[in-house]
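Tertiary structure, described
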Amino acid sequence: MLSHIIVFENFLIENFVKKIKLSPFYLAIALYTISNIIFAVTAINNKEMVVEFYSYTVDASLMLKALFLQTFSLVFLIFLYKLYERKQKFKQLEVNGYGNLSGWILLIYQIFYILLAIFFNVGVVDQTVNNVNSNILIIVSLLSADSFFFIVGSQLKSKKLFQLNAIVYLISSILRGWMGGILIVFFVYLCRELYLRISIKSLLVSLFFAILVVLLLPFLIDLKFGIRGGEIVFDINDYFSRLETSVEYLMGRFQHVGHIYILLNKAGYYYSAYQGLGIRSFLLEGNIPYTLYNKIIGAKGVSLSEFMVKEEFGGIWNTNTGIVGWWVVLKESIVFFIMYWSFLIFVTYSLIYRFATRQLFLTIALFSIIYFYHGWLSSFFNLLFLTWLLVILKKIRL
């Protein structure tokens, strides 16, 4: 009897568990969707929510509307992804990936960026940049070290060089007060591997890693705000209470349905602000279009993210307005928003399909969720632009 059970278990593992492959694109969607659903249900149940440390009363019907629109906004991202998901003519990593020289150059550039962060506060959240040459700032802004890691790192032929660059990227993101790098480096690793392959071993390793990160959350958050505030102090008192608060904070960082709720609740105000040029056009999101327009004509207003933070939270940081946030300020003109960004994403996917690897395709698709879906349009445009540049340059060189 026991032998039959063992045989049956081996059959299940061999035919179901070991053969399950999860795309990092769908894994990211699942992570953010589950976080948003949990946040929305909790907010409806409590009749209140906390967004960016501010408390808001919650109306159930409006929250459900926000959740529906947010989930629906994924449709055209999934549609664009599906156009290329099954295509087989991507370049092979072993042939068209980046060699050792590129890996070492990437490593040196990342270390250079770390030094700029340490000595001049370049890229450090909530810190003022010290005396540094303006040309250097322009270069590191246009040629982001993080974006280079996403694009080049995901396509490195050498596994050891990828791992080394991943460690340096992780150190860099932490030193700059941004803990999201822990999750992103995991997802970029998955893009390089193409899938998360489900097995007993991978499940145990992933579970161990997740538990470890959760247990360290109170100290990681101390580190995050310590770097941003200029003084790092680790609080070891009342650990379990802080752990609970830290988990709630983490869930809050994954969601943006709360932000959409706020925008929908004051839709008329934000629409009027956009019409009155208080909020600048989505066409100006990105370093290149904004700089050119500002030099030639003179840009008015601030980004939707900056405007929302100033109006709702009295701050100067960036926040997650989501794609739906732009529907609030654009109304029926959202069709032009969809056409514009669909065109940019389609062109990028087409370029990658013809001249680059599936690893890069997955990386850009992943950041269409991490960046674009959350409303970080400028960061996403900059990533797309650098992708065009590197793919074309690599094609010319070859």
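Quick look at the structure, then. Only a predicted model underlies this, so the values are computations on that prediction, with no experimental measurement involved.

**Focus on the packing of aromatic side chains**
- Under the definition given, this model contains 40 aromatic pairs.
- Measuring from centroid to centroid gives 5.6 Å for Tyr109 and Phe148, while their planes differ by 85°, and the two rings are edge-to-face. Taken together, the positions of Tyr109 in helix α6 (residues 100–120) and Phe148 in helix α8 (residues 145–153) put the pair 39 residues apart, joining distant regions of the chain. This pair shows no difference in class: Tyr109 is buried, exactly as Phe148 is.
- Taking the centre distance of 6.5 Å and the plane angle of 50° together, the rings of Phe337 and Trp341 count as tilted.

**Considerations on the pattern of salt bridges**
- In the structure shown here, the tally under the stated rule is 4 salt bridges.
- The partner of Glu85 in a salt bridge is Lys82, with the nearest N and O atoms 2.9 Å apart. Placement of both Glu85 and Lys82 in helix α4 (residues 75–85) is noted, with a separation of 3 residues, approximately one turn of the helix.
- Overall, the relative accessible area of 15% leaves Glu85 in the buried class.
- Close ionic contact of Arg176 with Asp146 constitutes a salt bridge, the shortest N to O distance being 2.8 Å. Taken as a pair, Arg176 in the loop between α9 (159–175) and α10 (181–193) and Asp146 in helix α8 lie far apart in primary sequence, 30 residues in all. Each of the two residues, Arg176 as well as Asp146, counts as buried.

**As for a nonpolar patch on the surface**
- On the surface, Ile111, Leu115, Ile118, Phe119, Ile167, Ile171 and Leu175 cluster together into a nonpolar patch covering about 640 Å² of accessible area.
- Contributions of two or more residues to the nonpolar patch are made by α6 and α9.
- The element best represented in the nonpolar patch is α6, accounting for 4 residues.
- Relative to the helices and strands, Leu175 resides in helix α9.
- Judged by relative accessible area, Leu175 falls into the partly exposed class, the value being 35%.

**What to know about the environment of Leu156**
- Along the chain, Leu156 turns up in the loop between α8 and α9.
- Residues within four places of Leu156 in sequence aside, it is in contact with Leu93, Tyr98, Gly99, Ser102, Gly103, Leu106, Leu161, Phe162, Asn165 and Arg192.

**Considerations on unusual backbone geometry**
- One non-glycine residue with positive phi stands out, namely Lys47, at about 60°.
- Position of Lys47 relative to the elements: it lies in the loop between α2 (24–46) and β2 (48–51).
- The exposure class of Lys47 is exposed, given its relative accessible area of 61%.
- Phi at Lys331 is positive, roughly 55°, even though this residue is not glycine.
- In this structure, Lys331 sits in the loop between α17 (322–330) and α18 (334–355).
- Taking relative accessible area as the criterion, Lys331 reaches 37% and is therefore assigned partly exposed.

**Brief notes about α18**
- For α18, spanning 22 residues, the distance from its first C-alpha to its last is 32 Å, which sits close to the expected 32 Å at 1.5 Å a residue.
- Those residues of α18 lying buried are Ile334, Phe337, Trp341, Ser342, Leu344, Ile345, Thr348, Tyr349, Ser350, Leu351, Ile352 and Tyr353.

**Structural notes on the packing of helix α13 (residues 257–265) against α17**
- Close contact between α13 and α17 brings their axes to 9 Å; oriented N to C, the two are set at 5°. Considered as vectors, α13 and α17 are oriented roughly parallel to each other. Of α17, the residues touching α13 (which contributes Ile260, Leu263 and Leu264) are Val324, Gly325, Trp327 and Val328.

**Looking at the packing of helix α14 (residues 267–275) against α17**
- Look at α14 against α17: their axes get within 7 Å of each other, and the N-to-C directions meet at 75°. Taken as axis vectors, α14 and α17 run roughly perpendicular relative to one another. Touching Ala267, Tyr270, Tyr271, Tyr274 and Gln275 of α14 are Trp326, Val328, Val329 and Leu330, all from α17.
- Tallied by class, residues from the contact of α14 with α17 come to 8 nonpolar, 1 polar and no charged.

**Points about α4**
- For α4, every residue scored as buried is listed here: Phe76, Leu77, Leu80, Tyr81, Tyr84 and Glu85.
- Looking at the packing, one finds that the buried side of α4 touches α2, α17, α18 and α19 (358–372).

**Here we look at the nonpolar core**
- Met49, Trp326, Phe337, Phe367 and Phe372 are the most contacted members of the largest nonpolar core, which has 102 residues in total.
- The residues contacting Trp326, other than those within four sequence positions of it, are Tyr274, Ile279, Arg280, Ser281, Phe282, Glu285, Leu304, Thr321, Lys331, Ile334, Phe337 and Leu377.
- Formed by 5 residues, the second largest nonpolar core is a distinct cluster that contains Ile174, Met179, Leu220 and Leu223.

Calculation notes
- Residues numbered from 1 in each chain as written.
- Predicted model: local features only at pLDDT ≥ 70, side-chain atom pairs only at ≥ 80, totals over all residues.
- Heavy atoms only, no water.
- Phe/Tyr/Trp six-rings, centres within 6.5 Å; stacked < 30°, edge-to-face > 60°.
- Helix = DSSP H or I, 4+ residues; strand = E, 2+ residues; numbered from the N terminus.
- Buried < 20%, exposed > 50% of the residue type's maximum accessible area, 1.4 Å probe, protein only.
- Salt bridge = Lys/Arg side-chain N within 4 Å of Asp/Glu carboxyl O.
- Patch = residues over 30% accessible without salt bridge, like charges linked within 9 Å, V, L, I, M, F, W, Y side chains within 5 Å.
- Areas by Shrake-Rupley, 256 points an atom, 1.4 Å probe, with all protein chains shown as cover.
- Contact = heavy atoms within 4.5 Å.
- Expected span 1.5 Å × (residues − 1).
- Axes fitted to C-alpha atoms, helices over the stretch in contact; angles between N-to-C directions.
- Parallel < 35°, antiparallel > 145°, perpendicular 65-115°, else oblique.
- Nonpolar A, V, L, I, M, F, W, Y, C, P; charged D, E, K, R; others polar.
- Core = buried A, V, L, I, M, F, W, Y, C linked by side-chain atoms within 4.5 Å.

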